[in-house]
Amino acid sequence: MSKLFSLPFVVAGISGIIMAIQGTLNSLLSEKTSLLSATFIVHIIGTLIALIALLVCRIPILKYHWLTVPWYLYLGGLLSVLIVGLVAVSIPKVGVCNATTAIIIGQVSMAVLIDHFGWFGANRLPWNPWQFAGIFLFAAGAKLLFR
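Calculation criteria
- Residues numbered from 1 in each chain as written.
- Predicted model: local features only at pLDDT ≥ 70, side-chain atom pairs only at ≥ 80, totals over all residues.
- Heavy atoms only, no water.
- Helix = DSSP H or I, 4+ residues; strand = E, 2+ residues; numbered from the N terminus.
- Areas by Shrake-Rupley, 256 points an atom, 1.4 Å probe, with all protein chains shown as cover.
- pLDDT = per-residue confidence, 0-100.
- 1 Å grid on protein atoms, 1.4 Å probe; cavity = no way out; pocket = protein on both sides within 12 Å on 5 of 7 lines; lining within 4 Å.
- Points joined across faces, edges and corners; volume = space filled by probe spheres on them.
- Nonpolar A, V, L, I, M, F, W, Y, C, P; charged D, E, K, R; others polar.
- Expected span 1.5 Å × (residues − 1).
- Buried < 20%, exposed > 50% of the residue type's maximum accessible area, 1.4 Å probe, protein only.
- Contact = heavy atoms within 4.5 Å.
- Axes fitted to C-alpha atoms, helices over the stretch in contact; angles between N-to-C directions.
- Parallel < 35°, antiparallel > 145°, perpendicular 65-115°, else oblique.

1. Looking at the overall build of the protein
Step number 1: Along the backbone of the protein there are five helices and zero strands.
Step number 2: Starting at the N terminus and walking to the C terminus, you meet the elements of the protein as α-α-α-α-α.
Step number 3: Principal axes of the C-alpha set define a box for the protein whose edges measure 45 × 40 × 30 Å.
Step number 4: Working note: accessible area of the protein is about 11,300 Å², and carbon and sulfur atoms make up 78% of it.

Here you go:
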């Protein structure tokens, strides 16, 4: 079976669909309230959903040695707040399609660097020229989407 149709690839595609919907909803919520209050409420709701999932699945969260985990692995919380805020600010200015395209180009470009250098303890996967060609072509194609 091709990687294109593997379950992890399909799951990642679904994640992208959900991200576009999330960005749109967060942007509209922040227009009706304020950027910081919308970001706060969205994260409170997410925290409650995660807590319910932990309780339903009976995950013993206190069994982990949280203080032994490298500090930088906790930056995901900070980055999540930044992502929600930055997406909510960008979508009204450039539209969902343009903002999402720019987000994906940024994600893929950073992903190549993270893979190549093995940053944050990720498995090291050296880059190749085709990846740069792909990013360049993707960015060139994205230019066609901007109106």
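2. Quick look at the confidence of the model for the protein
Step number 1: Taken as a whole, the protein shows an average pLDDT of 91; of its residues, 97% reach a score of 70 or greater.
Step number 2: The weakest mean pLDDT in the protein belongs to helix H5 (residues 129-145) at 87; the strongest belongs to helix H2 (residues 35-57) at 96.

3. Some remarks on the layout of surface pockets
Step number 1: The computed volume of the largest pocket comes to approximately 460 Å³.
Step number 2: Looking at the largest pocket, it is lined by 22 residues, and the ones nearest its centre are Met-19, Ile-83, Val-87, Ile-103 and Gln-107.
Step number 3: Put simply, the parts of the chain that give the lining of the largest pocket at least two residues each are helix H1 (7-32), helix H3 (75-94) and helix H4 (96-117).
Step number 4: Ranked by residues supplied to the lining of the largest pocket, first place goes to H3 with nine residues.
Step number 5: Here the lining of the largest pocket is composed, by residue class, of twelve nonpolar, ten polar and no charged.
Step number 6: There is about 240 Å³ of room inside the second largest pocket.

4. With respect to H1
Step number 1: In this model H1 runs 37 Å from its N-terminal to its C-terminal C-alpha over 26 residues, within 8% of the 38 Å that 1.5 Å per residue would give.
Step number 2: Along H1, the residues that are buried comprise Gly-23, Asn-26, Ser-27 and Ser-30.
Step number 3: On its buried face, H1 is in contact with H2 and H3.

5. Side note on the environment of Leu-145
Step number 1: Tracing the sequence through the fold places Leu-145 in helix H5.
Step number 2: Owing to a relative accessible area of 42%, Leu-145 belongs among the partly exposed residues under this scheme.
Step number 3: C-alpha of Leu-145 to C-alpha of Leu-79: the two residues are 66 residues apart in sequence and 27 Å apart in space.
Step number 4: Dropping the residues within four chain positions of it, Leu-145 is found in contact with Cys-97, Asn-98 and Thr-101.

6. Observations concerning the packing of H4 against H5
In a packed pair of helices, the relevant descriptors are the angle between the two axes and the axis-to-axis distance.
Step number 1: Where H4 contacts H5, the two axes come as close as 10 Å, and the packing angle between them is 170°. Judged on the interaxial angle alone, H5 and H4 are roughly antiparallel. On H5, the residues that touch Cys-97, Asn-98, Thr-101, Ile-104, Ile-105, Val-108, Ser-109 and Val-112 of H4 are Gln-131, Ile-135, Phe-138, Ala-139, Ala-142 and Leu-145.
Step number 2: Looking at the contact of H4 with H5, its residues break down into ten nonpolar, four polar and no charged.

7. Some details on the environment of Ala-88
Step number 1: With respect to the secondary-structure elements, Ala-88 resides in helix H3.
Step number 2: Judged by relative accessible area, which is 4%, Ala-88 ranks as buried.
Step number 3: C-alpha of Ala-88 to C-alpha of Glu-31: the two residues are 57 residues apart in sequence and 8.5 Å apart in space.
Step number 4: Every residue in contact with Ala-88, bar those within four places of it in the chain, is listed here: Asn-26, Ser-27, Ser-30 and Leu-35.

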